[in-house]
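# A closer look at the structure
Take a look at the letters that make up each chain.
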Amino acid sequence: MGKQPNLYAFNDVSSLARTLRTYVIQCQNAGFERHGLFKVAVSGGSLPSTLAKALLEPGEGGSDAPLDFAKWEIFFADERAVPLDHPDSNYKLLKDELLEKIPRPMGRPNVHPIDVKFLDDVQEMADQYQDALMQSFAAKDSVKLPIFDLLLLGCGPDGHTCSLFPNHELLRESDAWVAPVEDSPKPPAKRITLSLPVVTHGTKIAFVATGAGKKDIMKQIFDTEEGRSLPCGLVNEGGAEKVSWFTDNGAVEGVGFPRRGSL
Ligand SMILES: O=C(O)[C@H](O)[C@@H](O)[C@H](O)[C@H](O)COP(=O)(O)O
């Protein structure tokens, strides 16, 4: 059998957050060693709030290794074509849940929101976001694809991740780093998303999926043949051992795929 993703299951979100903290700090430090920065992509959904819990509330037994947000470059794994103060904005979500709560002495990350000049033209918006990525990555690394130190992703109940939806033609996108979506089955319809090759090219890729509402899709993704062609299954296949799933017991009830004990 080839290399496999890592599946971790915790009793509750607090213990998940403690391990996620250790994992993110490891990724941060590896990024600092590689290029003096930590380049991370984040999605929306429940991820920003779990991430804030992990990073800002270490709790008992949580790693006390330092976080240096001043050297973080944060991009969005996907974003909705809405103003930055709109309730559907992933930027707003991250700002409210995490960015505004970071104590000043921990530094301020360099955050890359979408350019709202292009709200009516998601192709332009995607191109502009790709340019921003190129400026951050290509100059130094001269690579064909950006290599994020970490992508932090969610898993939708249909197996979507970023704004890559099941059976969508975008799953076959092989050139663009960032692609427009005009017809998202989940509103709002207009979005931009990182492409699948960018996601699987990351140094590390983490999913956070919690709650019993996830158990059916988790069973499909991990235990069935059809699940392998869902967006999350394709990330598992392309990223293999670089992928880690942080889940709780409710989300993996009945999942046969073996879990890992520790990082
Ligand atoms: O734009 C979207 O459709 C959401 O942001 C989506 O990508 C989210 O990450 C997943 O649906 C998981 O959401 P939860 O983490 O809240 O379950």
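Sequence order sets the numbering: in each chain, residues are counted from 1 along the sequence as written. With pLDDT at 70 or above as the cut-off, local features in this predicted model cover only qualifying residues; side-chain atom pairs require 80 or more to be listed or tallied, and sums for whole chains, interfaces and linings still use all residues. The side-chain values count all of the structure's non-hydrogen atoms but skip hydrogen atoms and water molecules.

### Notes on the nonpolar core
- Working definition of a nonpolar core: buried Ala, Val, Leu, Ile, Met, Phe, Trp, Tyr and Cys residues. They are joined through side-chain atoms within 4.5 Å. Burial status follows relative accessibility: with a 1.4 Å probe on protein chains alone, a residue under 20% of its type maximum counts as buried, one over 50% as exposed, and anything between as partly exposed. In terms of nonpolar packing, the biggest core is built from 80 residues, with Trp72, Leu194 and Trp245 touching the most fellow members.
- Any two residues whose heavy atoms approach within 4.5 Å at even a single point are treated as in contact. Setting aside anything within four residues of it in sequence, one finds Trp72 in contact with Val24, Gln28, Phe32, Phe38, Val40, Leu55, Leu67, Pro109 and Asn110.

### Here's the deal with helix H7 (residues 231–239)
- Within the span of H7, buried status applies to Pro231, Cys232, Gly233, Val235, Asn236 and Gly239.
- Working definition: helices are DSSP H or I runs of at least four residues, strands are E runs of at least two. Numbering for both runs from the N terminus. Next to the buried residues of H7 lie helix H5 (196–201), strand E9 (205–209), helix H6 (215–223) and strand E10 (243–248).

### Here we look at the confidence of the model for the protein chain
- Looking at the protein chain as a whole, the pLDDT averages 95, with 98% of positions reaching at least 70.
- Among the prediction metrics, the complex's ipTM stands at 0.94, with pTM recorded as 0.96. Note: pLDDT gives the predictor's confidence per residue, expressed from 0 to 100.

### Examining helix H3 (residues 90–97)
- Buried within H3 we find Asn90, Tyr91 and Leu94. Taken around the axis of H3, the buried residues stretch over an arc of 105°, which confines them to a single face.
- Looking at the packing, one finds that the buried side of H3 touches strand E2 (38–42), helix H2 (47–56), strand E3 (72–76), strand E4 (78–80) and strand E5 (110–111).
- Side-chain atoms alone can form a polar contact between residues adjacent in sequence; in general such a contact is a pair of N or O atoms within 3.5 Å, and within protein one must be able to donate a hydrogen while the other accepts it. One side-chain oxygen of the residue at the start of H3 lies 3.1 Å from the amide nitrogen of Tyr91, identifying that residue as Ser89. As used here, the arc belongs to the directions running from the helix axis to the C-beta atoms.

### Considerations on the sheet that holds strand E6 (residues 150–153)
- Strand pairing is defined by DSSP finding a minimum of two bridges between the two strands. The strand order across the open sheet formed by seven strands is E1-E10-E9-E6-E2-E3-E5, and the pairing between neighbours is parallel. Two strands close off the open sheet at either side, each with one partner strand: strand E1 (6–10) and E5.
- For E1 and E10, the ladder comprises five bridges, and the chain directions are parallel. Directly across from Phe10, in E10, lies its bridge partner Asp248.

### Re the environment of Ile217
- Mapped onto the secondary structure, Ile217 falls in helix H6.
- Of the residues examined, Ile217 reaches a relative accessible area of 4% and is grouped as buried.
- A C-alpha to C-alpha distance of 9.7 Å links Ile217 and Cys232, two positions 15 residues apart in sequence.
- Apart from residues no more than four positions distant in its own chain, Ile217 is found in contact with Cys155, Gly156, Pro157, Asp158, Gly159 and Leu230.

### Side note on the pairing of E9
- With respect to burial, E9 is a largely interior element, five of its five residues being buried.
- Taking every second residue as pointing to the same face, both faces of E9 are buried, with Ile205, Phe207 and Ala209 on one and Ala206 and Val208 on the other.
- Examined bridge by bridge, E9 and E10 share five bridges and lie parallel to one another. For Phe207, the partnering residue across the bridge sits in E10 and is Trp245.

### A few points about the sheet that holds strand E8 (residues 191–194)
- The strand order E4-E8-E7 describes an open sheet built from three strands, whose pairing is antiparallel. At either end of the open sheet lies a strand with only one pairing partner, and these are E4 and strand E7 (178–181). Within this sheet the neighbouring strands show an average axis-to-axis angle of 15°, counted without direction.
- Both E7 and E8 contribute to a ladder of four bridges, which runs antiparallel. Bridging across to E8, Ala179 finds its partner in Thr193. Axis geometry follows a simple rule: fit a line to the C-alpha atoms, using only the stretch in contact for helices, then measure angles between N-to-C directions, giving values from 0 to 180 degrees.

### Digging into the site of the ligand
- Neighbouring residues are identified by heavy atoms, a residue being near a molecule or strand if any of them is within 4 Å of it. The environment of the ligand is formed by 13 residues, the closest being Ser46, Arg80, Lys186, Arg191 and Lys214.
- Here an oxygen atom of the ligand and a side-chain polar atom of Arg80 are 2.8 Å apart.
- His160 places a polar side-chain atom, nitrogen or oxygen, 3.2 Å from an oxygen atom of the ligand.
- Every accessible area reported is derived by Shrake-Rupley at a probe size of 1.4 Å, with residue values counting cover from the shown protein chains alone. Expressed as a share of its isolated accessible area of 410 Å², the protein-covered part of the ligand is 88%.
- When its residues are assigned to classes, the shell around the ligand shows two nonpolar, six polar and five charged. Three classes are used, and their members are as follows: Ala, Val, Leu, Ile, Met, Phe, Trp, Tyr, Cys and Pro are nonpolar, Asp, Glu, Lys and Arg are charged, and the others, Gly among them, are polar.

### Notes on the pattern of salt bridges
- Throughout this description, the term salt bridge denotes a Lys or Arg side-chain nitrogen within 4 Å of a carboxyl oxygen of Asp or Glu. Per the stated rule, a full pass over the model turns up 11 salt bridges.
- For Arg191, the salt bridge identified is with Asp78, shortest N-O distance 3.8 Å. On the criterion of sequence distance, the pair formed by Arg191 in strand E8 and Asp78 in strand E4 is long-range, its members being 113 residues apart. Here Arg191 and Asp78 have matching classes, each one buried.
- Note that Lys92 is salt-bridged to Asp96, the shortest N-O span being 2.7 Å. Taken together, the residues Lys92 and Asp96, both in helix H3 and four residues apart, mark about one turn of the helix.
- Of the residues examined, Lys92 reaches a relative accessible area of 25% and is grouped as partly exposed.
- For Asp96, a relative accessible area of 30% translates into the label partly exposed.

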